[in-house]
Amino acid sequence: QVQLVESGGGLVQPGGSLRLSCAASGFTFSSYAMSWYRQAPGKARELVAGIIGAGGTPIYADSVKGRFTISRDNAKNTVYLQMNSLKPEDTAVYYCNAFRLANYWGKGTLVTVSS
C-alpha cells in the first residue's frame, strides 16, 4: 500500500522557517521523482519544488527560489522541504507528490505564515 505522509507544518511568523518532511512507503522511492506542491485557499495547486530519483538538480517555482530547498534521503525514503524567509503568501496546504509511471499524493500539511 502506497503511503506519503507529510509532517512539519504549522504556524510561523513572517521571516521564519519550517522544515517539511514526507515519509514514503509502498513503492521504490529512489526510482520516483519527488515534488512538493501547495494549494492556497481559492487557488489552484501549484508546483513548489521537485527533485528526481537520483537527486539531480532540483527545480523550483520562481516564487520560492533562494528561500526553499528540496532534498531527499533515499535511505530513509523521505523527502524534505526547508522553507526559509517565509512570507504570508506562502500560506497553503503543502502536498508531497511521487511520480514515475504512477502519480501518488499525500494528504497535505498546513503551513500558515502570519504575525
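Parameters and conventions
Per chain, the residues get numbers from 1 upward, laid out in the order the sequence is written. Side-chain atom pairs in this predicted model are given and counted only at pLDDT of 80 or more, local residue features only at pLDDT of at least 70, and totals for whole chains, interfaces and linings cover all residues. Computation of side-chain values covers all heavy atoms of the structure but excludes hydrogens and water. The helix count covers DSSP runs of H or I at least four residues long, the strand count covers runs of E at least two residues long, and both are numbered beginning at the N terminus. The quantity called the radius of gyration is restricted to C-alpha atoms. Its globule counterpart is 2.2 Å times the number of residues to the power 0.38. Burial classes: relative accessible area under 20% of the type maximum marks a residue as buried, over 50% as exposed, and values in between as partly exposed (1.4 Å probe, protein chains only). Two residues qualify as a contact provided that any one of their heavy atoms is within 4.5 Å of a heavy atom in the partner residue. Residue-level accessible areas treat just the shown protein chains as cover; the underlying method is Shrake-Rupley with a 1.4 Å probe. Strands pair, by our definition, only if DSSP identifies at least two bridges between them. Helix axes are fitted only over the stretch in contact, all axes being lines through C-alpha atoms; the angle between N-to-C directions runs from 0 to 180 degrees. Only a pair of cysteine sulfur atoms within 2.5 Å qualifies as a disulfide here. Whenever a carboxyl oxygen of Asp or Glu lies within 4 Å of a side-chain nitrogen of Lys or Arg, that contact is scored as a salt bridge. To qualify as a nonpolar core, a set must consist of buried Ala, Val, Leu, Ile, Met, Phe, Trp, Tyr and Cys residues joined through side-chain atoms within 4.5 Å.

Caption draft 1: Expanded view of the overall build of the protein. A tally of regular secondary structure across the protein gives 0 helices and 11 strands. Against the compact-globule benchmark of 13 Å for 115 residues, the protein has a radius of gyration of 13 Å, which places it among compact chains. Each of the three principal axes of the protein carries a C-alpha extent, and together these read 40 × 25 × 25 Å. Within the protein, the fraction of its 115 residues that count as buried is 39%. For the protein, contacts bridging at least 24 residues in sequence account for 53% of all contacts bridging at least 6. Summing over all exposed atoms, the protein offers an accessible surface of approximately 6100 Å²; the carbon and sulfur share of this is 50%.

Caption draft 2: Representation of the sheet that holds strand S7 (residues 68-73) in the model. A sheet is described by the order of its strands in space; here 4 strands give the open sequence S1-S3-S8-S7, paired in antiparallel fashion. Because the sheet does not close on itself, it has two edges, and the strands there are strand S1 (3-7) and S7. Neighbouring strand axes in the sheet, compared pairwise and without regard to direction, differ in orientation by 15 degrees on average.

Caption draft 3: Just the state of the cysteines, in detail. Applying the stated criterion across every chain, the model contains 1 disulfide. One disulfide in the model links Cys-22 with Cys-96; its S-S distance is 2.1 Å. Judged by the torsion about the S-S bond (-85 degrees), the Cys-22/Cys-96 disulfide is left-handed. Note that Cys-22 is positioned in strand S3 (residues 18-25) and Cys-96 in strand S9 (residues 92-99), a separation of 74 residues in sequence. Comparing Cys-22 with Cys-96 shows no difference in burial state: the two are buried.

Caption draft 4: Structural detail: the pattern of salt bridges. This model, assessed by the stated rule, comprises 4 salt bridges. A salt bridge links Arg-38 to Glu-46; the shortest N-O distance between them is 2.7 Å. Ionic pairing is found between Asp-90 and Arg-38, a salt bridge with its closest N-O pair at 2.9 Å. On the criterion of sequence distance, the pair formed by Asp-90 in the loop between strand S8 (78-83) and S9 and Arg-38 in strand S4 (residues 33-39) is long-range, its members being 52 residues apart. Just as Asp-90 is buried, Arg-38 falls in that class too. Among the charged side chains, a salt-bridge network with shared partners connects Arg-38, Glu-46, Arg-67 and Asp-90.

Caption draft 5: Layout of the nonpolar core. In this structure, Met-34, Trp-36, Val-79, Leu-81, Met-83 and Tyr-94 are the most contacted members of the largest nonpolar core, which totals 29 residues. Contributions of two or more residues to this core are made by S3, S4, strand S5 (46-51), S7, S8, S9 and strand S11 (109-113). Dropping the residues within four chain positions of it, Val-79 is found in contact with Leu-20, Ser-21, Cys-22, Phe-29, Met-34, Trp-36, Ile-51, Ile-70, Ser-71, Arg-72 and Cys-96.

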